[in-house]
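Notes for the structure review
In case you want the letters, here they are:
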Number of protein chains: 4
Amino acid sequence: MRTTVASLHAELVRYGLVAWTAGNVSGRVPGEDLFVIKPSGVSYDELTPESMVVCDLDGNLVEGDHAPSSDTAAHAYVYRHMPHVGGVVHTHSTYASAWAARGEPIPCVLTAMADEFGGDIPVGPFALIGDDSIGQGIVATLDGHRSPAVLMRNHGVFTIGKDPKAAVKAAVMCEDVARTVHVARQLGEPLPIKPEHIDRLYDRYQNVYGQRSPR
Amino acid sequence: MRTTVASLHAELVRYGLVAWTAGNVSGRVPGEDLFVIKPSGVSYDELTPESMVVCDLDGNLVEGDHAPSSDTAAHAYVYRHMPHVGGVVHTHSTYASAWAARGEPIPCVLTAMADEFGGDIPVGPFALIGDDSIGQGIVATLDGHRSPAVLMRNHGVFTIGKDPKAAVKAAVMCEDVARTVHVARQLGEPLPIKPEHIDRLYDRYQNVYGQRSPR
Amino acid sequence: MRTTVASLHAELVRYGLVAWTAGNVSGRVPGEDLFVIKPSGVSYDELTPESMVVCDLDGNLVEGDHAPSSDTAAHAYVYRHMPHVGGVVHTHSTYASAWAARGEPIPCVLTAMADEFGGDIPVGPFALIGDDSIGQGIVATLDGHRSPAVLMRNHGVFTIGKDPKAAVKAAVMCEDVARTVHVARQLGEPLPIKPEHIDRLYDRYQNVYGQRSPR
Amino acid sequence: MRTTVASLHAELVRYGLVAWTAGNVSGRVPGEDLFVIKPSGVSYDELTPESMVVCDLDGNLVEGDHAPSSDTAAHAYVYRHMPHVGGVVHTHSTYASAWAARGEPIPCVLTAMADEFGGDIPVGPFALIGDDSIGQGIVATLDGHRSPAVLMRNHGVFTIGKDPKAAVKAAVMCEDVARTVHVARQLGEPLPIKPEHIDRLYDRYQNVYGQRSPR
């Protein structure tokens, strides 16, 4: 899990989702009340499996030589309250954060959005870092929602997945559709997709796409 | 053909036309009722000639260890109905998809567009994935049209060519002009190019440009 | 000169000024009525000193195995009529071409523009490829102008320099300021710079900047 | 310090903050009235520890084979008047320079801005290069301000830090938030963050974030 989480950070860099050290991936350790997360303020070039830190579900450091990410409390809250979640990603990716700065959900006007998010990408509350506020906002917004991504107001994006790779994919796709819908809106109104079409696209993608399991 | 198709996917990555696994190239096998296409949900880093799959013109898997791209039915429909087409490309590239989300054709206001597309880049209908709807929309829009690219409404781009490389070139140029015309329109109206000038530019580029055959 | 011109094409790629094969660099052969230019339709990856072609100042092929760039007549016209020019570059770079599509000069609102261009970047006429029209438009616009760059209407950019590297630098800086001024204008009007300040910045940069010769 | 300053220029390139040679990093030599700075007009590929130049706090060349950056006087002025500053960076990065071209501060509407800049990023005066005007503008604007970045009108960005790496980080984050806030504003007004929340975010980030010292 340390190796997986360390190497997935390279995808955040590859897709331009992060500047300097502002973004992190975590992964639940299967069968344990533990998760692996990025150390705080360490550059992506220097991340190794060994430099990753292991925390319990209250966000306490269990193993590792570095202080855990300053977003650890939010990740821990999600793992505590969403048992089906095996991976969490946080970024300040440009276009998604711009929607978040306006507090505006991203409307589902692309078939790729229907596929991955099953509808609009919702906005969570403004929350200060340092206690459970961010985690509560994520869980309250995503619970019962199809979208694996939430835009936290004035802040950035959190995504969830059955494992860290699925959460990274959701972060990559979230920025991709945030950018395309932004660009579309700059010169007029995108055409809506009918709700029943969104349902059919979502259902198909989640159950048919890919080599075996959809997400 | 497996090698060609596998390696052309790297051009989609290089020009930033695809995120994660959302985009695919196919090529007709010369002299056979078969085509080679990307496997579904496999990352571009992992594509090899061996991982490519071979389908017949009804989209049935003929050879390969993986499930074919979920867009296979659309590619197959094009090969069945457009015998001069030897390559098909599909992407969700940002600027082209933004025009598609508004259902708006890209006006021909650049000499490079006149060269490659011979006029506006047209919009095809909204179509759900899973049957022949997408293929029908592509063929109905491109048949008798100079443009090798069609913007499928709320979806993305399909391009065709005499071979896979020509279709990839059309996908690259489509995003390039979609972006430039978008940027031009953000601060005012681009100046039109007269239809007779578009004709002369298109004719020259298709017959004179390059080392031998134009496209 | 073949080596210089071949390798300078990599700068067009590095700065994202070109898609596929749409852009070219040429350089006058010192002391000869000849210039070296890119072959037509050859990808930047495949360019070598040997694949470059040599033309006389009427644009006729003198040496080389490939057909010269389809823009050769324009380059030749510039070398014939502007004896101080030792390098010419042509691109369809996105932001510069967007200004060109609107037929709008780029206003000098950045000190970096005053440094390199000495004022606005001017617009040249619409001209069809295939005779001397493009070359005439370039020379008529740049003759007696400080700017080494001209935006050819609905087309793209041509830049000149004392040598090919200076022309490439002008192409890179042209796109850079075209983008920054575009972005500035998206949210309001940039503040003007006084003409006398533009003069002082231009004079200083041309005579003091760098290790020895300014440009 | 030569090695540090030389290698930090690669971060300017990596984050796309500079075109051609337009941007520079300097670092104060600990315990001496000297600083190391980039040579003028030398490309980032060619920078080596040996090619860096050493100047005194009046900007006079003390050691090195090249002429120092044409921005040396501005760096020197900052080191003379801000003794806590150990590194200075100057760029013309696109989005920050666009705000500078309009003479408009970047409003603090992102938690990441509150963290790093503690509020709006301020605008400094228009100033010609060649004497102490730019340095005076930087110091007058940043003195007593939380922000380590100043947008110099119609010009670009200067950032300061306790060491060159901190100044480079500020330059990277400045462009990142300049871009995100620009994008947010394109489609409406970003939501404000309350001043007391900005204070709490800034305080926490400066004192808790990272492995040991916050900045």
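What counts as what
- Residues numbered from 1 in each chain as written.
- Chains lettered and ligands numbered in written order.
- Predicted model: local features only at pLDDT ≥ 70, side-chain atom pairs only at ≥ 80, totals over all residues.
- Heavy atoms only, no water.
- UniProt positions renumbered as here; feature names shortened; annotations may be inferred.
- Least-squares fit on C-alpha atoms with pLDDT ≥ 70 in both.
- Contact = heavy atoms within 4.5 Å.
- Buried area = accessible area lost by both parts, 1.4 Å probe.
- Salt bridge = Lys/Arg side-chain N within 4 Å of Asp/Glu carboxyl O.
- Polar contact = N/O pair within 3.5 Å; in protein donor to acceptor, adjacent residues only side chain to side chain.
- Helix = DSSP H or I, 4+ residues; strand = E, 2+ residues; numbered from the N terminus.
- Nonpolar A, V, L, I, M, F, W, Y, C, P; charged D, E, K, R; others polar.
- Buried < 20%, exposed > 50% of the residue type's maximum accessible area, 1.4 Å probe, protein only.
- Pairing = 2+ DSSP bridges.
- Phe/Tyr/Trp six-rings, centres within 6.5 Å; stacked < 30°, edge-to-face > 60°.
- Axes fitted to C-alpha atoms, helices over the stretch in contact; angles between N-to-C directions.
- Parallel < 35°, antiparallel > 145°, perpendicular 65-115°, else oblique.

The name given to chain A in an unreviewed UniProt entry is L-ribulose-5-phosphate 4-epimerase, with the source organism recorded as Nonomuraea ferruginea. Taken from UniProt, the Catalytic activity (unreviewed entry) comment for chain A reads in full: "L-ribulose 5-phosphate = D-xylulose 5-phosphate".

Superposing chain D onto chain C requires a rotation of 90° together with a translation of 0.0 Å along the rotation axis, leaving an RMSD of 0.0 Å. These values place the two chain copies in the arrangement generated by a four-fold rotation axis. No C-alpha of chain D lies nearer the rotation axis than that of Gln186 of chain D, which sits 5.3 Å from it.

Contacts between the two partners involve 30 residues from chain D, matched on the other side by 32 residues from chain C. With both sides pooled, the region where chain D packs onto chain C buries about 2800 Å², and carbon together with sulfur makes up 61% of that total. Three residues stand out in chain D for area buried against chain C, namely Trp20, Arg102 and Leu128 of chain D, and they jointly supply 27% of the buried area on that side. Counting across the interface, chain D meets chain C through one salt bridge. With its nearest N and O atoms 2.5 Å apart, the salt bridge here joins Arg14 of chain C to Asp45 of chain D. Remark: the boundary between chain D and chain C carries nine residue pairs in polar contact (both at pLDDT 80 or more). Elements that contribute at least two residues to the side of chain D that touches chain C include exactly α3 (94-102) and α6 (164-186) of chain D. Looking at the side of chain D that touches chain C, the element that brings in the most residues is α3 of chain D, giving six residues. Tallied by class, residues from the side of chain D that touches chain C come to 12 nonpolar, 14 polar and four charged.

Bringing the pairing of strand β1 (residues 23-28) of chain A into the picture now. Residue and element names in this part refer to chain A. In terms of burial, β1 is a largely internal element, six of the six residues being buried. Residues Gly23, Val25 and Gly27 of β1 are buried on one face, and the alternating residues Asn24, Ser26 and Arg28, pointing to the opposite face, are buried as well. As paired strands, β1 and strand β2 (residues 34-37) are joined by three bridges and run antiparallel to one another. The partner of Arg28 across the bridge, within β2, is Phe35. Between β1 and β2, which pair antiparallel in sequence order, lie five residues; one of them, Gly31, sits at a positive phi of approximately 80°.

Another point: the packing of aromatic side chains. Applying the stated rule across the entire model yields eight aromatic pairs over all chains. Here the aromatic rings of Trp20 of chain A and Tyr15 of chain D are separated by 6.2 Å at their centres, their planes lie at 35°, and the arrangement is tilted. Here Trp20 of chain A is found in the loop between α1 (2-14) and β1, whereas its partner Tyr15 of chain D is found in the loop between α1 (2-14) and β1 (23-28) on a different chain. Looking at Trp20 of chain A, the relative accessible area reads 13%, which means it is buried. Aromatic pair Phe35 of chain A and Tyr79 of chain A: ring centres 4.9 Å apart, planes at 35°, arrangement tilted.

The UniProt record marks residues 3-182 of chain A with the feature "domain: Class II aldolase/adducin N-terminal" (unreviewed entry), using the residue numbering of this structure. Secondary structure across residues 3-182 of chain A comprises 37% helix and 19% strand; the distance between its end C-alpha atoms is 35 Å.

What follows deals with the interface of chain A and chain B. Taken together, the contact pairs 32 residues of chain A with 30 residues of chain B. Of the roughly 2800 Å² buried at the junction of chain A and chain B (both faces included), carbon and sulfur atoms supply 61%. Linking chain A with chain B are one salt bridge. For the pair chain A and chain B, the number of links is nine residue pairs in polar contact (both at pLDDT 80 or more).

This part is about the packing of helix α1 (residues 2-14) of chain C against helix α6 (residues 164-186) of chain C. Residues and elements named next belong to chain C. Running from N to C, α1 and α6 point in directions that differ by 10°, and their axes come no closer than 10 Å. For the element pair α1 / α6, the angle class is roughly parallel. Residues Val5, Leu8, Glu11 and Leu12 of α1 lie in contact with α6, whose contacting residues are Pro164, Lys165 and Val168. Across the contact of α1 with α6, the residue classes break down as five nonpolar, no polar and two charged.

Before going further, it helps to spend a moment on helix α2 (residues 72-81) of chain C. All names here are of chain C. Along α2, seven of the 10 residues are buried, which leaves the element largely enclosed by surrounding structure. All of the buried residues along α2 are Thr72, Ala74, His75, Ala76, Tyr77, Val78 and Tyr79. On its buried side, α2 packs onto β1 (23-28), β2 (34-37), β3 (53-56), β5 (87-91), α5 (133-142) and β8 (156-161).

This brings us to the side chain of Asp176 of chain B. Looking at the element boundaries, Asp176 of chain B is found in helix α6 (residues 164-186). On the basis of relative accessible area, Asp176 of chain B is assigned to the buried category, the value being 12%. Leaving out residues up to four positions away in the same chain, Asp176 of chain B has contacts with Ala19 and Thr94 of chain C.

As a further point, take the sheet that holds β3 of chain C. All names here are of chain C. Strand order in the open sheet formed by eight strands is β4-β3-β2-β1-β5-β8-β7-β6, with mixed pairing between adjacent strands. Whereas interior strands pair on both sides, the edge strands pair on one side only; in this sheet they are β4 (61-63) and β6 (123-124). With five bridges connecting them, β5 and β8 associate as antiparallel partners. Note on β8: the bridge partner recorded for Thr91 is Val157. Each of β7 (149-152) and β8 touches helix α3 (residues 94-102); the most contacted strand, β7, lies at about 55° to it. Set on the sheet, α5 makes contact with β6, β7 and β8; between it and β7 the angle comes to about 130°.

All names here are of chain A. Considering the arrangement of structural elements, one finds Val139 in helix α5 (residues 133-142). Each C-alpha atom of the pair Val139 and Leu57 lies 15 Å from the other, and the pair is 82 residues apart in sequence. Those residues in contact with Val139 that sit more than four places away from it in its chain are Tyr77, Val78, His81 and Met82.

Here we come to the side chain of Thr159 of chain D. Residue and element names in this part refer to chain D. With respect to the element layout, Thr159 can be found in strand β8 (residues 156-161). Its relative accessible area of 0% is what places Thr159 among the buried residues. A polar contact is formed between the side chain of Thr159 and the backbone oxygen of Ala167, at a distance of 2.7 Å.

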